[in-house]
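Topology and contacts: notes
Chain residues, written in single-letter form:
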Amino acid sequence: MDYIKSATMIFGKIRNRVKEEKLKLRLTKKEVQQYIAGKEGEELVSKVLKDSFPEMILLDDVYMDVSDLWYEVNGYVPTMQIDHILISNHVIYVIETKKYPREAEVSGSSFSQTWTYKDSSIRHSSRYNADRQNQKHVENLKKLCEFENIPIISIVCLVNMNSENIHVNTLYGRYVFMIEELPIMIEAIEKKYSRNNVDKLFAKEKIQTKNIKSFDIEVEHIIYVKLLKRKVRELRKGKRKRRKKSK
């Protein structure tokens, strides 16, 4: 798929929205590059899942309205985007894909707000904690689709990295590993939950009824996330100011 063309269309639409609505959001070339890399990573993971588990049901790039669980920002309705949902006879896998440069290094834990990140061009920076982000996807999916009795497994799949550069401590039942490990790890999890039964078609239908994916929804989702991040930064900045004044 031509992700460069897709990115051009999507970010062009976002720029028009930002200008029309005077949202004061800054769009960078780096964000466009990260979008393209992310989509390429998702395509690779999707292929591995389809080739390795043809008997399972795979749903890619799922968008859901989470306005009952979160709040609006500047009139934009909160949405959740899940890279991959894999449905087996035993569990549902919610998979978040991250494609970083080959030499990149990440460290952190399930608890940390962000992960420490560095590569050949960036000595030290932070990235949103993908494990924590994906666990929120798991929790929201359970609530939206009423999957209380179905085990849902959180997996963060890191594409294009060296295994020795991944230093992430996860909680029990959460997984962070490389794309090369994906088939083996899922097979191991399947054995662990072999006594559990999931109606795959029923689960697929429940998810699809909530899937609102479209071009406009993807545009609005990206804007919403940027607005939310800005709001969080403003709140943190306000807290730091109040702390200084109280001292």
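Residues numbered from 1 in each chain as written. Predicted model: local features only at pLDDT ≥ 70, side-chain atom pairs only at ≥ 80, totals over all residues. Heavy atoms only, no water.

Counting its secondary structure elements, the chain contains 6 helices and 9 strands. Against the compact-globule benchmark of 18 Å for 247 residues, the chain has a radius of gyration of 19 Å, which places it among compact chains. Counting only C-alpha atoms and orienting by the principal axes, one finds that the chain spans roughly 55 × 45 × 40 Å. Within the chain, the fraction of its 247 residues that count as buried is 47%. The long-range share in the chain, meaning contacts at least 24 apart out of those at least 6 apart in sequence, stands at 66%. Summed over all atoms, the accessible surface of the chain reaches about 14,300 Å², with 50% contributed by carbon and sulfur. Here the chain holds 47 positive side-chain charges and 34 negative ones, and the gap between their average locations is 11 Å. (Helix = DSSP H or I, 4+ residues; strand = E, 2+ residues; numbered from the N terminus. Rg over C-alpha atoms; globule rule 2.2 N^0.38 Å. Buried < 20%, exposed > 50% of the residue type's maximum accessible area, 1.4 Å probe, protein only. Contact = heavy atoms within 4.5 Å. Areas by Shrake-Rupley, 256 points an atom, 1.4 Å probe, with all protein chains shown as cover. Lys, Arg positive; Asp, Glu negative; His and termini not counted. Charge placed at Lys NZ, Arg CZ, Asp CG, Glu CD.)

In this section: the packing of aromatic side chains. Two aromatic rings, taken as a pair, are described by how far apart their centres are and by the angle between their planes. Overall, the coordinates contain 4 aromatic pairs when judged by the stated rule. Both rings, one in Phe 11 and one in Tyr 35, keep their centres 5.6 Å apart while their planes meet at 80°; by these two values the pair is edge-to-face. Of this pair, Phe 11 sits in helix α1 (residues 3–21) while Tyr 35 sits in helix α2 (residues 29–52), and the two are 24 residues apart along the sequence. Residues Phe 11 and Tyr 35 agree in their burial class; the two are buried. (Phe/Tyr/Trp six-rings, centres within 6.5 Å; stacked < 30°, edge-to-face > 60°.)

The next point concerns a nonpolar patch on the surface. Where nonpolar side chains cluster on the molecular surface, the patch consists of Leu 69, Trp 70 and Tyr 71 and spans about 280 Å² of accessible area. Mapped onto the fold, Trp 70 is located in the loop between β1 (57–65) and β2 (79–87). (Patch = residues over 30% accessible without salt bridge, like charges linked within 9 Å, V, L, I, M, F, W, Y side chains within 5 Å. Salt bridge = Lys/Arg side-chain N within 4 Å of Asp/Glu carboxyl O.)

Here we come to the nonpolar core. Ranked by size, the top nonpolar core spans 21 residues in total, and within it Met 64, Ile 85, Ile 87, Ile 92, Leu 141, Phe 147 and Ile 207 carry the most contacts. Every element with two or more residues in this core is listed here: β1, β2, β3 (92–99), α3 (130–145) and α5 (200–208). Listed in part, the 20 residues of the second largest apolar core include Tyr 3, Ile 14, Val 73 and Val 219. (Core = buried A, V, L, I, M, F, W, Y, C linked by side-chain atoms within 4.5 Å.)

Spanning 16 residues, α3 covers 22 Å between terminal C-alpha atoms, matching the ideal 22 Å at 1.5 Å per step. For α3, the complete set of buried residues consists of Ala 130, Asp 131, Asn 134, Gln 135, His 137, Val 138, Asn 140, Leu 141, Leu 144 and Cys 145. Glu 146 occupies a position one or two residues after α3 and carries a positive phi of about 55°. (Expected span 1.5 Å × (residues − 1).)

Okay, the pattern of salt bridges next. All told, the structure shown has 12 salt bridges when counted by the stated rule. Between Asp 61 and Lys 39 there is a salt bridge; the shortest N-O distance is 3.4 Å. Residue Asp 61 is located in strand β1, and its partner Lys 39 is located in helix α2; the two are separated by 22 residues in the primary sequence. Of the two residues examined, Asp 61 and Lys 39, each falls in the buried class. The shortest N-O distance in the salt bridge between Lys 213 and Asp 61 comes to 3.2 Å. Of this pair, Lys 213 sits in the loop between α5 and α6 (215–246) while Asp 61 sits in strand β1; the two residues are 152 residues apart in sequence, bridging distant segments of the chain. Judged by its relative accessible area of 46%, Lys 213 falls in the partly exposed class. One connected set of salt bridges, linked through shared partners, spans Lys 39, Glu 42, Asp 61, Lys 213 and Glu 218.

Attention shifts here to the packing of α2 against helix α4 (residues 182–192). Following both chains from N to C, one finds α2 and α4 inclined at 50°, their axes separated by 10 Å at the closest point. In this view, α2 runs oblique relative to α4, as classed from their interaxial angle. Considering only the axes of α2 and α4, their crossing is right-handed. Residues Val 45, Val 48, Leu 49 and Ser 52 of α2 form the contact with α4, whose participating residues are Leu 182, Pro 183 and Ile 186. (Axes fitted to C-alpha atoms, helices over the stretch in contact; angles between N-to-C directions. Parallel < 35°, antiparallel > 145°, perpendicular 65-115°, else oblique. Left-handed = near helix turned anticlockwise from the far one by under 90°.)

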